[in-house]
Amino acid sequence: MGFVWSDVKPSKLINSNRAAFWIPGFAVASWGPFIPYVKERFALTEDHLGLLLMCMAIGAAGSMFIASGLMAKFGCRLMAQIGGVMVACCLAAVTIAPSYHVLCAILIIFGFNSELLAIAANVNAASLERLLNRNIMSGLHGVYSLGNSVGVFLVALFLGSGLTFMMGNLLLTSCVVSVLIILYCALIGSRYMLTDLKVVDDAAHKNEVDAANTQKKGPFITPMLFLLGLICFIMFITEGSMLDWTGVFLNTIRGVPLHEAGYGFAAFSIMMTICRLTGDKVVATLGRRRVLVMGAIIVIAGICLAVMVPHPMVAIVGFGIVGLGAANIVPQTISYAATVKEVPIQRSVLVVNAIGYIGGLLGPALIGFIAHRIGLEFTFLILAAAVIVVGVIAYTKIRSGNIATLTAAAA
């Protein structure tokens, strides 16, 4: 059942969007602590485990081919609710999968629906920014990061509590708790997400015919969308490198013990979450272009500090600085993509996300390939050089101002 968005308090609209961002972050993180148990249960080698994890990426990539059409036809709320329910079912099915091949199929469906949900959340957020004339994208991405942290902590708390397994009761309990949280957010929390994206154009165009034409016309990608996608491509690689390679760097290059090597990513993740949750006010004060350019400079400085000063604590601080700078680049790039006039909003958000996602898939392997030949320190410096491109694109191509002025210009 639909609703008139203007009759709903803005806080309710934003809270529903928060629920949609929470689910994929929380769900994917909840799956993470199960991986060692899955590996042990099916006696998987590293190769088979790698193929298993690739199934999620395959499913996520598949959703990008149809997400734009689904959003245009059914709206964001239905996609978020279906995606949330399917993610919850897949998370529950992981604990009872009878075979490796069934588990592969489950993870393909899991990846498909978690990415569909993430795209719906981003499209809804970009739409609300235009309807409400407010910067909300960074804060919503902060909720995703917060859900990620809570998901890891909650499941790890159950699985690492030291209690004795009795017919998998502890594993089942952690799964049930996660599933119930996801179902609540999907079915109850997301009830005020948009059901028809045409309202965005109706608000921007007083002529309803023009609004309908805007939905139908436009190329699949424009030069501006490609450049915005390139920003996301580079930043997805950068963020992925913090997850996959900071621990290796601290352990092999700085001599940090394995049980402390995770502090680098922890510093990055904490700073990113905090800065995203407070990022909308910063963008409203400084303007989007200045935030993106300054963010790129801070990322470069953080990487250089971590690499060039041979001290473990300095490296950890450097990775935290990277999180500070990177926090608002991707959210604000997606937000800006939604203001590109030639392309429907759901398609522009999807294209930018898809280009960035390719970077997320290729990044860890690409960094490993380069590091094997020239060393991890020089590989990080190459990454810092790539972030210069982000700053140049932001400075030369992105208009300054907040969401209200940009929305008015787009209209």
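Residues numbered from 1 in each chain as written. Predicted model: local features only at pLDDT ≥ 70, side-chain atom pairs only at ≥ 80, totals over all residues. Heavy atoms only, no water.

Moving on, we come to the overall build of the protein chain. On a plain count of helices and strands, the protein chain comes out with 18 helices and zero strands. Put simply, the protein chain has 411 residues, and 52% of those count as buried. The contacts of the protein chain with a sequence gap of at least 6 include a subset with a gap of at least 24, amounting to 83%. In the structure as shown, the protein chain presents an accessible area of about 17,900 Å², 69% of it carried by carbon and sulfur atoms. (Helix = DSSP H or I, 4+ residues; strand = E, 2+ residues; numbered from the N terminus. Buried < 20%, exposed > 50% of the residue type's maximum accessible area, 1.4 Å probe, protein only. Contact = heavy atoms within 4.5 Å. Areas by Shrake-Rupley, 256 points an atom, 1.4 Å probe, with all protein chains shown as cover.)

In this section: helix α11 (residues 263–277). Along its 15 residues, α11 runs 21 Å from first to last C-alpha, staying within 8% of the 21 Å computed at 1.5 Å per residue. Taken together, the buried positions of α11 are G264, A267, F268, S269, M272, T273, C275 and R276. (Expected span 1.5 Å × (residues − 1).)

Structurally, S68 can be placed in helix α4 (residues 67–94). By relative accessible area, which is 15% here, S68 ends up buried. Those residues in contact with S68 that sit more than four places away from it in its chain are Q346, R347 and L350.

W31, L52, L228 and F380 are the most contacted members of the largest nonpolar core, which has 118 residues in total. Looking at which element gives the most residues to this core, the answer is helix α5 (residues 100–132), with 17 residues. Apart from the residues lying within four places of it in its own chain, the contact partners of W31 are V38, L53, M56, L91, V94, L107 and F110. (Core = buried A, V, L, I, M, F, W, Y, C linked by side-chain atoms within 4.5 Å.)

Attention shifts here to the packing of aromatic side chains. Within the structure shown, the criterion is met by five aromatic pairs. Feature note: the residues F249, F319 and F380 constitute an aromatic cluster, connected by ring pairs. The residue whose ring lies beneath R289 is Y395, and the NZ or CZ to ring-centre distance is 5.6 Å. Above the ring of F369, the side-chain terminus of R373 is found at 3.8 Å from the ring centroid. (Phe/Tyr/Trp six-rings, centres within 6.5 Å; stacked < 30°, edge-to-face > 60°. Lys NZ or Arg CZ within 6 Å of the ring centre and 35° of its normal.)

Once that is clear, we can look at the confidence of the model for the protein chain. Across the protein chain, the average pLDDT comes to 83, with 85% of residues at or above 70. Considering only residues more than four positions removed or in separate chains, one finds that residues 163–168, a stretch of pLDDT under 50, has four contacts. Low pLDDT (under 50) marks residues 206–216, which in the prediction has 12 contacts with non-local residues, meaning those over four places away or in another chain. (pLDDT = per-residue confidence, 0-100.)

With that settled, the discussion passes to the packing of α5 against helix α16 (residues 345–374). Packing of α5 against α16 leaves a shortest axis separation of 9 Å and a crossing angle of 130°. Taken together, the axis directions place α5 and α16 in an arrangement best described as oblique. For the pair α5 and α16, the sense of crossing is right-handed. Contacts between α5 and α16 involve E115, I119, N122, V123, A126, S127 and R130 on the former and, on the latter, I345, Q346, V349, L350, N353 and Y357. Within the contact of α5 with α16, the residues separate by chemical class into seven nonpolar, four polar and two charged. (Axes fitted to C-alpha atoms, helices over the stretch in contact; angles between N-to-C directions. Parallel < 35°, antiparallel > 145°, perpendicular 65-115°, else oblique. Left-handed = near helix turned anticlockwise from the far one by under 90°. Nonpolar A, V, L, I, M, F, W, Y, C, P; charged D, E, K, R; others polar.)

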